[in-house]
Amino acid sequence: MNELALVIENDEDLALIFAEALRAVEYEVETIADGLKAQKRLDEVAPYLVVLDMHLPHLSGAALLEKIRTEERLRETLVIIATADARMADTYGDQADFVMIKPVSFVQLRDLTARLKRKKRKDIAS
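As a convention, each chain's residues are numbered from 1 in the sequence order in which they are written. pLDDT decides what is reported in this predicted model: residues at 70 or higher carry local features, side-chain atom pairs at 80 or more are listed and counted, and totals for whole chains, interfaces and linings draw on all residues regardless. Calculated side-chain values reflect all of the structure's heavy atoms, with hydrogen atoms and water omitted.

Caption draft 1: Region of interest: the overall build of the protein chain. Every helix listed is a DSSP run of H or I at least four residues long, and every strand listed is a run of E at least two residues long, numbered separately from the N terminus. Summing up its helical and strand segments, the protein chain has five helices and five strands in all. C-alpha atoms define the radius of gyration in this analysis, and the globule rule sets the expected value at 2.2 Å times the number of residues to the power 0.38. Relative to a compact globule of 126 residues, whose C-alpha radius of gyration would be 14 Å, the protein chain shows 13 Å and is just as compact. Taken along the three principal axes of its C-alpha coordinates, the protein chain extends 40 × 30 × 25 Å. Classification of the 126 residues of the protein chain by burial places 45% in the buried group. It only takes one pair of heavy atoms within 4.5 Å for two residues to be counted as in contact. At a minimum sequence separation of 6, the contacts of the protein chain that also span at least 24 residues come to 63%. When the accessible surface of the protein chain is totalled, it reaches about 6900 Å², and 51% of it is carbon and sulfur. For the purpose of counting charges, residues Lys and Arg are taken to be positive, whereas Asp and Glu are taken to be negative. His and the chain ends are not included. The atoms used to mark charge sites are NZ of Lys, CZ of Arg, CG of Asp and CD of Glu. Taking the average place of the 18 positive charges on the side chains of the protein chain and the average place of its 23 negative ones, the gap between the two points comes to 5 Å. Note on exposure labels: buried denotes an accessible area under 20% of the residue type's maximum, exposed denotes more than 50%, and partly exposed covers the range between, all computed with a 1.4 Å probe on protein chains only. Exposure was quantified through the Shrake-Rupley algorithm and a 1.4 Å probe, taking into account, for residues, occlusion by the shown protein chains and nothing else.

Caption draft 2: Geometry of the pattern of salt bridges. Salt bridges are defined as contacts in which a side-chain nitrogen from Lys or Arg sits within 4 Å of a carboxyl oxygen from Asp or Glu. Summed over the entire model, instances satisfying the criterion amount to 13 salt bridges. We note a salt bridge from lysine 40 to glutamate 44, for which the minimum N-O separation is 3.7 Å. With lysine 40 and glutamate 44 both in helix H2 (residues 35-44) and four residues apart, this pair spans about one turn of that helix. Among the residues examined, lysine 40 registers a relative accessible area of 55% and is labelled exposed. Exposure remark for glutamate 44: the relative accessible area of 48% places this residue in the partly exposed category. When salt bridges that share partners are traced, they join Glu30, Lys40, Arg41 and Glu44 into one network.

Note that every value here comes from positions in space, so none of it alone points to a role or purpose.
This is the structure:
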């Protein structure tokens, strides 16, 4: 079974690009465009990876990041912040595993997430 990745992004075109990049390296992908819906889904699952937009309707990416970082069952979840807001990137970058400044290309996200997947498998094997 492939690792679960959540793409929490309200820009439909970007969400599609991000999802396809993750599927290209064999993640099981769910896309969520609303902060409250993402919060509910995070109550149900502990994804391997979250690609997180910081500007979401109904609940901010910052609130979701705090949830991921404070809940024990989400402790191992990797977070990639994808934002066009450099100030947001600076503010929350230390809480994320990676920060990508938009525009983020298919190739950038695919290559980064492939490396993350390989690294975790090596860590587990050690």
